Amino acid sequence: LQAIWLFFCTIVSPLTCTVDRTKRNVLQWKVLPWQVCGCVMLCLIMMMIITFSFFPFFSVIPDSLTVTAPPQTLSKVEGDTLQLNCEVSRTTMQHTHLSVGWYLRSPEDATAPPQELVTLSRDFVLRSGGPYRQRMAAGDLRLDKTSATSYRLTIHKLQPVDQGLLYCQAVEWIQDPDGSWFAMTRKQSEKTQLRIQPTDRDFSIQVSTERRSFMAGESLELRCTIEAQNVPERFFSVSWVFSSSPVAVVGPSAVPVLGPGYVAREAAGLVTVRKESPNIHLLKLHRLSTEDAGKYICRVTEREKTPTGDFIDRSKRSRNVQITVQPLKNNTTVSLSANSSEVLEGDPIQLMCSVSSAIAPLTVVWQWTGRQSAGPIQEVASVDRDGTVTHGPSYRERSGYGEIRVERVRADIFSLSLYNALPGDEGQYRCSATQWINIGTETDPNWEKLGEQSATKTVTVKTVESSFMVSASSRTPSISFGDSFDLLCLVKPRHNPRVPTSVTWRFMPTGAQDDDQGEFKDLVTFTREGTLQWGEQLLGLGTRTTVDRSHSNTNFRLSVTRAGRREAGKYQCTAILWRKNYDNSWSRVANRTSNLLGINVLQPESRLKVQKNNQSLVYQEDSRVRINCSITSQTSQDSQHAVLWYIRRAAGSETDELLLRIERTGAFEYGAYADEERLRRRVQAERLSPRLYALTLNRAESSDSGTYYCLVEEWLSDPDGAWYRLSRDTSGYTRVLVKQPGEPQLRVDELENNVTVEASNSIRLGCNIFSQSSPDSRFSVFWYVDRSDDEDIEDQPGEDDDKRDCVFSIGHDAIFGNGNCSPPDDNGPNSRFQFERTTSDQYSLTIHGARPADAGRYYCHVEEWLLNPRNEWYRLATNNSGVTIVNVLQQVSTIQSVVCSNESLFYFLFFYPFPIFGILLIALLVVRYKGRNNNKSQEGKNGAPLLWIKEPHLSYSPTCLDPPALSLHPGSVD
């Protein structure tokens, strides 16, 4: 618009003004110049308005198009496939379109225009260059958009014309308001140089076979190989010819056509014609006969289409292959070889059985016997005619884990492999080969044994245990604090993966060596799997210890830096030899331990001293015992102490029991003796000062008597801050004697007396305690009797226990039958014994119904019991009373004694008569009462009173106990 207005103002406007003036008055041009200036000024003002009005709407679009493809040089063969990728991206904010295309530039003429291969236009239309339209229609040329920015070019069946420089070109388009498209920018990628090697149309033929001499009955395999380029895309037909007679023809479709003489054999399965691959054809003749001997030829014909559409054939033939077939005879030989006659345990045993001159199918049997043919023959495995492998019963499970492998390497070579050899695999191996011939038909075979040959081989298995050795060495047996040392463990023989070794470094600290129960602890273990496993004992807090091993697993090194007191001791390495069984389980073969390596870590000289004054203390039970342990000197002001209190029970005893341990940190730890004697509640340990310790026993008992002493351990911090025990020192011995309260004062009445009682009377035995040791005492009382017939025996009670019998006992816990005393009579209501305790010190025993057998010498045995501070009863003293001699008199038999002794007679005389007399008296009274009532009823009969009374007759007997009987009649009384 500015240009239009400029043109108008400079040219059109002055002319217009001039024309106007001309029409009016031409002569006035010079007179009226302001009109021209006015027109010019008007034009300039309009130009400024237009300029400032449209200026804000103009902008510049940045160029953000990028085209990327990696530069490369490719070499392809004619007919191959090519794929190239191109990355095209843009970040334009306006609405634009892209067109992406691939171009080919000839490498011979750089000035020639590039050839368009294929382009995706801005309208998303795919088009190709003139020469490539037909190839694109056939699908050999493609352009795919694989992602938002990726474009892939694919060319199938490359041709020589595709050779050159390939590149990708992208154009960014924008649309004007009038609907037309304008190419804003155009960019190309890096070029890819493509070289294409033309295809060679020539081909060659080669016929191969394993051997050319066969025995009758064997199989012949001939392979015809076509050596050419792009064989799958070419059309070949193969013809097999034998002595100028066609055998078979295989066309491009791979369908064989048999010759006249081979149709029947192919139907019987004796001829096989097959195309194994595009360039390999197979001819196989089964069960050869002497008639099959001769020359075999492979003829190959290629049919090729010319550019004119005609077909031409090119044929080639192979060289003659002369095949000889010999008649059947058994002249086979068998040879057996092994990888080694002596195999190390864990290594494989490999046996190769070669069968030469075999003319028929073979069966091979592997057998094993012990050394010097000892033991039964065991079948390892067998290979059937068809190649089926069968393992023997003893080796079937092992073969299931892949430990035994039997295979047919070739037609005449068989192998037996026993992996992970065991000592039991040692012995003699036999390979027996048997030839079989089929005398039947293919459908109905009948195999006949042609011959058998065998060979043996002796294999020795050397156990790794025999040469397994472990040794340890060190260059620095003595070091100081903060130094480093290395330990080396050498294991022989070399590492075997099937028989691996696990090595463990073990350590016993110096402090544990003084103890009889000290034992080595594991530091680190190199496991059989090759992993590292740290043990329960760690050196240098686990951060200053390093371990490594050699590649051959024969050298195992343990390194310790900045050694401290804890690293001092004895080191040794142990190696365990493992065997991996066929079921993947592990068995331990051998265990070896190296020599000991002593490492001494020097430490400061100890100046620890403990006061060693010996003393004796006597206490009463339930008292408080206090023992001091004083440290007179120590090595350093920073020393810390651990105090152990020991007790020695018996004089001269070498076994000291640990009572209490006070750690350097102040922690308490009771020993086993404190638990056994239940001293935890009564024992008390104190630290009165940094150098003074005290042990207190509360409520002392007599069992606490013994010899006490303290063992002081001095602890210092090593260079790495760990505490170690520098030295030990013991104190003097304190002999403590805890007595029971006073001397025993038990005294029982020792007065002797004689007691004579008649039979059936009671015997009373007394037991009086005159004095006792304590008011809290309790007593167990036993009554014994000595029934010896010798009256002159004056033994004291208790001197001959075999002649005494226990009569009765009661314990201090008020339980009858205490101890081993078992009275002969039964307890309960029928017991003849009656026990009484009138007071705490008076006891009596009464024996009712005395018998002659109760006679004897009686005395009581008293035991005094007290309660100790642990609330347990203990026997303090014993004492016996005087003897009481008891005599029992037998009664004379009288009427009274007879009646009283017979219970039935007693009841018959004194009990049964009284009930009988009572019943008779009651009956008499009843009879008399009834007779009196009858007399009253007859008195005054018929209204006539009785005018007289006849003196009754009275019958009385002075000896009769019953009252006289009276009978009343009218006028009389009877």
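Residues numbered from 1 in each chain as written. Predicted model: local features only at pLDDT ≥ 70, side-chain atom pairs only at ≥ 80, totals over all residues. Heavy atoms only, no water.

The name that an unreviewed UniProt entry assigns to the chain is Ig-like domain-containing protein, with the source organism given as Xiphophorus couchianus.

A.B. asks: Teacher, can you tell me more about the overall build of the chain here?
C.D. replies: The number of helices and strands found in the chain is 10 helices and 66 strands. When each of the 974 residues of the chain is scored for burial, the buried share is 37%. In the chain, 60% of the contacts between residues at least 6 apart in sequence involve partners at least 24 apart. Summed over its atoms, the accessible surface of the chain is roughly 56,900 Å², and 51% of this surface lies on carbon and sulfur atoms. (Helix = DSSP H or I, 4+ residues; strand = E, 2+ residues; numbered from the N terminus. Buried < 20%, exposed > 50% of the residue type's maximum accessible area, 1.4 Å probe, protein only. Contact = heavy atoms within 4.5 Å. Areas by Shrake-Rupley, 256 points an atom, 1.4 Å probe, with all protein chains shown as cover.)

A.B. asks: Help me out: how do you make sense of the environment of glycine 849 in this one?
C.D. replies: The residue glycine 849 is located in the loop between β61 (842-847) and β62 (856-867) in this model. Separated by 87 residues in the primary sequence, glycine 849 and serine 762 place their C-alpha atoms 5.7 Å from one another. Those residues in contact with glycine 849, other than ones at most four positions away along the chain, are Ser760, Asn761, Arg832 and Asp854.

A.B. asks: Is there a simple way to think about the state of the cysteines in this case?
C.D. replies: Evaluated as defined, the whole model comprises six disulfides. Between the sulfur atoms of cysteine 353 and its disulfide partner cysteine 431 the distance amounts to 1.9 Å. Across the disulfide from cysteine 353 to cysteine 431, rotation about the S-S bond amounts to roughly -85°, and the bridge is consequently left-handed. Taken together, the residues cysteine 353 in strand β25 (residues 349-356) and cysteine 431 in strand β31 (residues 427-438) connect sequence positions 78 residues apart. Overall, cysteine 431 belongs to the buried group, its relative accessible area being 0%. (Disulfide = S-S within 2.5 Å.)

A.B. asks: Explanation requested: the nonpolar core in the structure shown.
C.D. replies: One recurring pattern in soluble globular proteins is that nonpolar side chains are buried together. Formed by 31 residues in total, the largest nonpolar core has its most connected members in Phe485, Leu487, Cys489, Val491, Val503, Trp505 and Tyr571. Elements that contribute at least two residues to this core include exactly β33 (469-474), β35 (485-492), β36 (501-509), β37 (521-526), β40 (555-560), β41 (569-580), β42 (586-593) and β43 (597-601). (Core = buried A, V, L, I, M, F, W, Y, C linked by side-chain atoms within 4.5 Å.)

A.B. asks: Looking at this structure, how should I read the packing of aromatic side chains?
C.D. replies: Using the criterion set out here, one finds 16 aromatic pairs in the structure. Seen from their ring centres, tyrosine 646 and tyrosine 709 are 5.5 Å apart, and the 15° between their planes marks the pair as stacked. With a gap of 63 residues between them, tyrosine 646 in strand β47 (residues 640-648) and tyrosine 709 in strand β52 (residues 706-717) connect regions that are remote in the sequence. A single burial state applies to tyrosine 646 and to tyrosine 709, both of which are buried. Put simply, the rings of Trp783, Phe808, Phe816, Phe835 and Tyr843 touch in pairs and so form one group of aromatic residues. When the ring centre of tryptophan 173 is taken as reference, the NZ or CZ atom of arginine 122 above it lies at 4.4 Å. (Phe/Tyr/Trp six-rings, centres within 6.5 Å; stacked < 30°, edge-to-face > 60°. Lys NZ or Arg CZ within 6 Å of the ring centre and 35° of its normal.)

A.B. asks: Can you walk me through the pattern of salt bridges in this structure?
C.D. replies: For side chains of opposite charge, pairing can occur when their charged atoms come near one another. A full pass over the atoms with the stated rule returns 35 salt bridges. For the salt bridge of aspartate 548 with arginine 557, the shortest nitrogen-to-oxygen distance reads 2.5 Å. In this structure, arginine 661 and glutamate 663 form a salt bridge, with 2.6 Å as the shortest nitrogen-oxygen distance. When salt bridges that share partners are traced, they join Glu221, Arg223, Arg274, Glu276 and Lys284 into one network. (Salt bridge = Lys/Arg side-chain N within 4 Å of Asp/Glu carboxyl O.)

A.B. asks: Would you take a moment to explain unusual backbone geometry for this structure?
C.D. replies: Glycine aside, negative phi is the norm for most residues, and most peptide bonds take the trans geometry. Positive phi, normally seen in glycine, also occurs at arginine 699, with a value near 50°. In this structure, arginine 699 sits in the loop between β51 (692-697) and β52. Note on arginine 699: relative accessible area 43%, which makes it partly exposed. At alanine 814, a residue that is not glycine, the phi angle is positive and equals roughly 65°.

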